[in-house]
Number of protein chains: 2
Amino acid sequence: MRRVPAQIAARLPAAAELFADRGFENTKVDDVAAATGVPKATLYYYFAGKEEILAFLLQETLQQMADEVAIAVQAPDSAAARLAAVVRAQLRVMADQPSVCRALIENLGHAGRIPELASSVTEAYYTPVQQLLDEGVRDGSLRATEDPSTTAMVLFGAVTMSALSYLAAGRPLSPEGLSPAILTVVLDGLRPTDSPP
Amino acid sequence: MRRVPAQIAARLPAAAELFADRGFENTKVDDVAAATGVPKATLYYYFAGKEEILAFLLQETLQQMADEVAIAVQAPDSAAARLAAVVRAQLRVMADQPSVCRALIENLGHAGRIPELASSVTEAYYTPVQQLLDEGVRDGSLRATEDPSTTAMVLFGAVTMSALSYLAAGRPLSPEGLSPAILTVVLDGLRPTDSPP
DNA sequence: TCGTGTTTAGACTCTCAGTCTAAACCGCGT
DNA sequence: ACGCGGTTTAGACTGAGAGTCTAAACACGA
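Because the structure is predicted, anything quoted here is derived from the model rather than measured.

## Observations regarding the packing of aromatic side chains
Here comes step 1: Enumeration according to the criterion identifies 12 aromatic pairs over all chains in this entry.
Here comes step 2: With a centroid separation of 5.1 Å and 85° between ring planes, the pair formed by tyrosine 45 of chain B and tyrosine 46 of chain B is classed as edge-to-face.
Here comes step 3: Residue tyrosine 45 of chain B is classed as partly exposed on the basis of its relative accessible area, which comes to 45%.
Here comes step 4: The ring of tyrosine 166 of chain A is capped by arginine 171 of chain A, whose NZ or CZ atom sits 4.3 Å from the centre of that ring.
Here comes step 5: Over the aromatic face of phenylalanine 24 of chain B sits the side chain of lysine 50 of chain B, whose NZ or CZ is 4.5 Å from the ring centroid.

Pasting the structure below:
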């Protein structure tokens, strides 16, 4: 995959729209060309195939999430507060790109080999979150869990699935509305019992 | 889709194996025929197409989950204990059919229209779990949440994503090993603060 | 002006998904 | 035995569309 010029990258989300609406299979490469305004031959000049377009979209979105998460993690607040910010950040990215997220989740199998995907998510999400969990134990704002990696996955899954059910139903996803509901469930379980609300 | 005879249904999980290994797209119907021993023409006699085979597998698995969840819900324990049993039940189903689950999750978009899928999951999981959350508030074993439907999704997502990361990595998924880690995160948040462990 | 990388239209190939045919095969009622 | 419905199957066929190739422009710096 060649380095994709910005003016082409900017047009690709229109393809995600199609993928999300009609499904990946039912979207012809010619349709993608028509919807994005990027001619088919040019698409094949940059991408090895239709799947690579989806994979590119996924990488972009994961990168965006990694950036937002990194910002949330570096704030000068308690670890608990930053963890809440991470949840909101993930929701914000998903709310920002509803079609891309739907298309990606519904077609994970097309977006690349799963192991590579998994390590991308690890880099963008699990590693920073696990670090945050650690810091939370040290600053006393979070309870220690016996298996931080599972805890990170629980968080990621909780947020992803909740958001997905909005996206799938076509309902608008409001990070401000949804995050408190997720956080009360998850955060209260992480708060030390010696400092209840 | 005709009523699928048991001896054919029993052979289909072999197809899920292929879907999970090489991906749905890279699996030819002829491959499915070879792997299951069910001739291509017979497959087309019962299923309208390749996607319908996946959809059938999904329905079977959801039904199995609905059954297991129903059993867990009806136990004579506290709501909290039954909720823990629901989590273990879901993990057990996923551990039972790793390939099917991987294939399904990686190819949600192929397994049927998402709204129908969503309502199947609602029937099999969200409705019983929400009922359980209600009962928990009444019997005092669970804390009330402002949005029980979101809570149910959080649970489902937490379990699904944790399990998936094992399946995707090819690691064996042990319900007994994983459920405590999930439950400490999620259940402690649901426990009333007036009865800590 | 040359050369290198980019852009594009359009025609082409080739792999499957799915269809069709037509021949067995099976049980069951008569 | 016989015929009749549903089932099972092999194998040939069709059509859609992913991906390839060609060859002509274009851009732009050396």
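## Some points on the UniProt feature "domain: HTH tetR-type" (unreviewed entry) in chain A
Here comes step 1: Sites flagged by UniProt as "domain: HTH tetR-type" (unreviewed entry) map to residues 5-65 of chain A.
Here comes step 2: Taken as a whole, residues 5-65 of chain A contains 74% helix and 0% strand, while its terminal C-alpha atoms sit 21 Å from one another.

## Description of the relation of the copies chain A and chain B
Relating one copy of the chain to the other takes a rotation about an axis and a shift parallel to that axis.
Here comes step 1: Under the fitted operation, chain A is carried onto chain B by 0.0 Å of movement along the axis and a turn of 179°, and the coordinates agree to an RMSD of 0.1 Å. Look at the turn and shift together and you get a two-fold axis relating the two.

## Some details on the protein's contact with DNA strand C
Here comes step 1: Near DNA strand C, the surroundings consist of 13 residues, among which Thr42, Tyr45 and Tyr46 of chain A together with Lys28 and Lys50 of chain B are the closest.
Here comes step 2: Considering the 4 Å shell around the protein, atoms of DNA strand C inside it are sugar or phosphate in 71% of instances.
Here comes step 3: In the model, a phosphate oxygen of DNA strand C is placed 2.6 Å from a nitrogen or oxygen of the threonine 42 of chain A side chain.
Here comes step 4: Note that a phosphate oxygen of DNA strand C is positioned 2.9 Å from one of the backbone N or O atoms of lysine 50 of chain B.
Here comes step 5: Breaking the surface near DNA strand C down by element, the ones donating at least two residues are helix H4 (40-46) of chain A together with helix H4 (40-46) of chain B.
Here comes step 6: Take the surface near DNA strand C: its biggest share by element is four residues, from H4 of chain A.
Here comes step 7: Partitioned by chemical class, the residues of the surface near DNA strand C number six nonpolar, three polar and four charged.

## A look at the packing of helix H2 (residues 13-22) of chain A against helix H3 (residues 29-36) of chain A
Residues and elements named next belong to chain A.
Here comes step 1: Running from N to C, H2 and H3 point in directions that differ by 130°, and their axes come no closer than 8 Å. Between H2 and H3, the angle is such that the two are oblique. Relative to H3, H2 is oriented so that their crossing is right-handed. Between H2 and H3, the contacting residues are Ala14, Ala15, Leu18, Phe19 and Arg22 on the first element and Asp31, Val32, Ala35 and Thr36 on the second.
Here comes step 2: Across the contact of H2 with H3, the residue classes break down as six nonpolar, one polar and two charged.

## A short note on the protein's contact with DNA strand D
Here comes step 1: Lining the immediate surroundings of DNA strand D are 13 residues, of which Val29 and Lys50 of chain A together with Thr42, Tyr45 and Tyr46 of chain B lie closest.
Here comes step 2: Within 4 Å of the protein, atoms of DNA strand D come from sugar and phosphate in 71% of cases.
Here comes step 3: Here a phosphate oxygen of DNA strand D and a side-chain polar atom of threonine 42 of chain B are 2.6 Å apart.
Here comes step 4: For the surface near DNA strand D, the elements supplying multiple residues, two or more each, are H4 of chain A together with H4 of chain B.
Here comes step 5: Here the surface near DNA strand D gets four residues from one element, more than from any other, and that element is H4 of chain B.
Here comes step 6: Tallied by class, residues from the surface near DNA strand D come to six nonpolar, three polar and four charged.

## Structural notes on the interface of chain A and chain B
Here comes step 1: At the junction of the two partners, chain A supplies 39 residues and chain B supplies 41 residues.
Here comes step 2: In total, about 3,200 Å² of surface goes out of reach between chain A and chain B, with carbon and sulfur atoms giving 66% of it.
Here comes step 3: Summed over the three residues of chain A that lose the most area to chain B, namely Glu106, Met161 and Val185 of chain A, the buried surface amounts to 19% of that side.
Here comes step 4: At the boundary of chain A with chain B, the tally comes to two salt bridges.

## Re the packing of H2 of chain A against helix H7 (residues 98-106) of chain A
Residue and element names in this part refer to chain A.
Here comes step 1: At a minimum axis separation of 8 Å, H2 and H7 run at an interaxial angle of 55°. The pairing of H2 with H7 is recorded here as oblique in orientation. The hand of the H2/H7 crossing is left-handed. On H7, the residues touching Ala16, Glu17, Phe19 and Ala20 of H2 are Ser99, Val100, Arg102, Ala103 and Glu106.

## Notes on the UniProt feature "DNA-binding region" (unreviewed entry) in chain A
Here comes step 1: Per the UniProt record, the feature "DNA-binding region" (unreviewed entry) sits at residues 28-47 of chain A.
Here comes step 2: Annotated as 75% helix and 0% strand, the span residues 28-47 of chain A places its first and last C-alpha atoms 15 Å apart.

## Focus: the pattern of salt bridges
Residue and element names in this part refer to chain B.
Here comes step 1: Scanning the model with the defined rule gives 10 salt bridges over all chains in all.
Here comes step 2: With its nearest N and O atoms 2.5 Å apart, the salt bridge here joins arginine 92 to glutamate 68. Taken as a pair, arginine 92 in helix H6 (residues 79-96) and glutamate 68 in helix H5 (residues 50-73) lie far apart in primary sequence, 24 residues in all.
Here comes step 3: For glutamate 68, a relative accessible area of 23% puts it in the partly exposed group.

## Some remarks on H3 of chain A
Residues and elements named next belong to chain A.
Here comes step 1: Residues of H3 that are buried: Val29, Asp31, Val32, Ala33 and Thr36.
Here comes step 2: Buried residues along H3 sit against H2, H4 and helix H5 (50-73).
Here comes step 3: Just downstream of H3, glycine 37 is the residue with a positive phi angle, here 80°.

The rules we used
Residues numbered from 1 in each chain as written. Chains lettered and ligands numbered in written order. Predicted model: local features only at pLDDT ≥ 70, side-chain atom pairs only at ≥ 80, totals over all residues. Heavy atoms only, no water. Phe/Tyr/Trp six-rings, centres within 6.5 Å; stacked < 30°, edge-to-face > 60°. Buried < 20%, exposed > 50% of the residue type's maximum accessible area, 1.4 Å probe, protein only. Lys NZ or Arg CZ within 6 Å of the ring centre and 35° of its normal. UniProt positions renumbered as here; feature names shortened; annotations may be inferred. Helix = DSSP H or I, 4+ residues; strand = E, 2+ residues; numbered from the N terminus. Least-squares fit on C-alpha atoms with pLDDT ≥ 70 in both. Near = heavy atom within 4 Å. Polar contact = N/O pair within 3.5 Å; in protein donor to acceptor, adjacent residues only side chain to side chain. Nonpolar A, V, L, I, M, F, W, Y, C, P; charged D, E, K, R; others polar. Axes fitted to C-alpha atoms, helices over the stretch in contact; angles between N-to-C directions. Parallel < 35°, antiparallel > 145°, perpendicular 65-115°, else oblique. Left-handed = near helix turned anticlockwise from the far one by under 90°. Contact = heavy atoms within 4.5 Å. Buried area = accessible area lost by both parts, 1.4 Å probe. Salt bridge = Lys/Arg side-chain N within 4 Å of Asp/Glu carboxyl O.

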